[in-house]
Amino acid sequence: MDYTLRELECFAAVAEELSFTRAARRLHLAQPPLSRHIQALEAKIGAALFERSRRAVTLTAAGNVFYEESRGLLPQLARAGEAARRSGHGEVARLRLGFVSAVLSPDLVECFRQFRTDHPTVQILLQDSPPAEQLAAISRGQLDGGFIGLAPADRPAAIQLIPWQTEELALFVPSGHPWAGRGRIRLSEVAREPFVAVAGEAAPAFALHVRELCRKAGFRPRVVVESSRAQAVAVMVAAGSGVALLPRSLARIVGASAAVLALQAPAVITHVFAHGGRRSEPMAALVEMLRQR
């Protein structure tokens, strides 16, 4: 099927923003051409990708499938273009890093900027992957390192984990929820709420951490939908699918579409993955820089 790059960009923006207005703003595009690109894509696929109403935009079943299958295409194209551009400027070394969306904070971005300043000939390649996929890729030598939240209990002995930062865990609720005006809540009050969760097979340590917190609060969460990406979980909360326990930094994803309530819960520790016995010079330099911050 002959999809254009612009059609895929428009689809991804609407799927992630769940708003034609925000997607148009993000793409610096007027809404009529944005809508035309979506309609052209739907015509090529032969199925509606979005349910549209006055109050909300949601993905259809076909839209969810298309998003899951296509979401890696745009980042891959961007990486290919960036790799070619940097190669043309004489860069000779590569640093291949995985990350989960929940830890891609301004502090981490600033670390990457500082590393680029200190090591201008090193090309940084970033890949958004769940923790389990990062572990496997590092073990196979496909990634030099990665950034996750909580440390998984089951990991290869050769993989070294380095604690880096801590972050508050918070309760995310839709903006129209009765609790949206509250600044703090006890986890035990959430027992009857439908939960949106990060899938256990993608982030086993984080999923176990959430279940354990709920168990200590006296209940088992009623999970109605899961996603392998914390960013997608935050968006689903904003769309009204349920509530979620997530790192507070993900508030940047949903803006005013969700409220973030403080909890008395242990902080989430961001870890850096690296291979203990097979570490590239750029990865060793990055680990040393992170340890000094």
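Heads up: the structure comes first, above all this text.
The following refers to the structure shown. (Residues numbered from 1 in each chain as written. Predicted model: local features only at pLDDT ≥ 70, side-chain atom pairs only at ≥ 80, totals over all residues. Heavy atoms only, no water.)

## A word on the layout of surface pockets
At step 1: Here the largest pocket is characterised by a volume of approximately 1500 Å³.
At step 2: Residue lining of the largest pocket: 48 residues in total, with E16, Y67, R71, D128 and Q231 positioned closest to the centre.
At step 3: Partitioned by chemical class, the residues of the lining of the largest pocket number 24 nonpolar, ten polar and 14 charged.
At step 4: Looking at the second largest pocket, its volume works out to about 450 Å³.
At step 5: Lining the second largest pocket are 20 residues; nearest its centre among them are L18, S19, R22, R55 and S257.
At step 6: Elements with a minimum of two residues in the lining of the second largest pocket: α1 (5-17), α2 (20-27), β2 (57-59), α9 (230-238) and α10 (251-254).
At step 7: It is α2 that contributes the most residues to the lining of the second largest pocket, three residues altogether.
At step 8: When the residues that make up the lining of the second largest pocket are grouped by side-chain class, the tally is nine nonpolar, seven polar and four charged. (1 Å grid on protein atoms, 1.4 Å probe; cavity = no way out; pocket = protein on both sides within 12 Å on 5 of 7 lines; lining within 4 Å. Points joined across faces, edges and corners; volume = space filled by probe spheres on them. Nonpolar A, V, L, I, M, F, W, Y, C, P; charged D, E, K, R; others polar. Helix = DSSP H or I, 4+ residues; strand = E, 2+ residues; numbered from the N terminus.)

## Here we look at the side chain of S227
At step 1: Within the fold, S227 resides in strand β9 (residues 222-227).
At step 2: For S227, a relative accessible area of 9% puts it in the buried group.
At step 3: Polar contacts involving the side chain of S227 include one to the main-chain amide nitrogen of R229, which spans 3.2 Å.
At step 4: With residues up to four places along the chain from it excluded, the contact list for S227 reads A197, V198, A199, A232, V233 and M236. (Buried < 20%, exposed > 50% of the residue type's maximum accessible area, 1.4 Å probe, protein only. Polar contact = N/O pair within 3.5 Å; in protein donor to acceptor, adjacent residues only side chain to side chain. Contact = heavy atoms within 4.5 Å.)

## Some remarks on empty space enclosed by the protein
A probe matching the size of a water molecule, rolled over the atoms, marks out where space remains unfilled.
At step 1: Tallied over the entire structure, the rule returns one cavity of 30 Å³ or more.
At step 2: The volume enclosed by the largest cavity comes to roughly 280 Å³.
At step 3: The wall of the largest cavity is formed by 26 residues, among which V100, P131, G149, A203 and F206 lie closest to the centre.
At step 4: For the lining of the largest cavity, a count of residues per class yields 18 nonpolar, five polar and three charged.

## Examining the environment of G141
At step 1: Mapped onto the elements of the fold, G141 is located in the loop between α7 (131-140) and β5 (145-148).
At step 2: With 49 residues separating them along the chain, G141 and V190 place their C-alpha atoms 42 Å apart.

## Comments concerning the pairing of strand β4 (residues 122-128)
At step 1: In terms of strand pairing, strand β3 (residues 93-99) meets β4 through seven bridges, oriented parallel. Paired with R94 across the strands is Q123, a residue of β4.
At step 2: Between the parallel pair β3 and β4, the chain is carried across by helix α6 (residues 106-118), and the sense of this crossover is right-handed. (Pairing = 2+ DSSP bridges. Right-handed = clockwise from strand over helix to strand, strands pointing away.)

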